[in-house]
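# Structural characterization, general
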Amino acid sequence: LRVVLVPTAAARQRPDLAAAHGRRAFEAAGARGGVAIDVQVAGVLDGRTAADPANVARLEAAHVIHLPGGDPDLLPAVLRGTPAWAAILRAHAAGACVAGASAGAMALGERLWTRDGPMEGLVLVPGIAVLPHFDPGRATAWREVVDPAGRLAWLGLDERTLVIGRPGNTW
């Protein structure tokens, strides 16, 4: 199983640390399940690395693409319209699982909250906004800012929660 970690959201902090944590978690899960896992990192941190042919090839060959947490604004800002995002979409269309944790999950929806205000997400999951680390009080405030017209479905994810979706919105 080829897993590719994309630590874009951690670019302002420690993307190497985000990748190391992800590597350990996937390798441990593989060991518990008796599944051989090849964990790689696509170091997509800016426009230059989003166009790097090695990163694009890694992403296209992935079975699982994981976007760890960090700053949610970085994922759409760095990935949108790049060869790396096109590779992720091709891999997904070919059957790869695209997963996100915290900021990574937020960015996969249609709109997301950032410290600087709402922004358009990557829209891999249209019609959805994700609220990670679910807290009912935050849900109301985020909805008012991110989706004042109330047209999006909100997905509140508590800690250690997994939601699996398929193309065509089968959950």
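No experiment lies behind these values; they were computed from the predicted model shown.

Regarding its fold elements, the protein presents seven helices and eight strands. Here the protein has a C-alpha radius of gyration of 15 Å; the compact-globule value for 171 residues is 16 Å, and the two agree. Every one of the 171 residues in the protein was classed for burial, and the buried ones make up 42%. Intrachain contacts of the protein at a sequence separation of at least 6 include 66% that bridge at least 24 residues. As presented, the protein carries roughly 8,700 Å² of accessible surface, and 56% of it is formed by carbon and sulfur atoms.

A separate point is the packing of aromatic side chains. According to the stated counting rule, one finds one aromatic pair in the structure shown. Between W113 and W142, the ring centres sit 4.8 Å apart and the planes meet at 10°, which makes this aromatic pair stacked. Of this pair, W113 sits in the loop between β5 (111-112) and β6 (119-120) while W142 sits in helix α7 (residues 136-146), and the two are 29 residues apart along the sequence.

For L112, the location among the structural elements is in strand β5. As for L112 and A50, which are separated by 62 residues in sequence, their C-alpha atoms are 21 Å apart. With residues up to four places along the chain from it excluded, the contact list for L112 reads P72, D73, P76, M106, A107, G117, P118, M119, E120, G121 and V146.

Cut-off values and rules
Residues numbered from 1 in each chain as written. Predicted model: local features only at pLDDT ≥ 70, side-chain atom pairs only at ≥ 80, totals over all residues. Heavy atoms only, no water. Helix = DSSP H or I, 4+ residues; strand = E, 2+ residues; numbered from the N terminus. Rg over C-alpha atoms; globule rule 2.2 N^0.38 Å. Buried < 20%, exposed > 50% of the residue type's maximum accessible area, 1.4 Å probe, protein only. Contact = heavy atoms within 4.5 Å. Areas by Shrake-Rupley, 256 points an atom, 1.4 Å probe, with all protein chains shown as cover. Phe/Tyr/Trp six-rings, centres within 6.5 Å; stacked < 30°, edge-to-face > 60°.

This is a description of form; function is not addressed.
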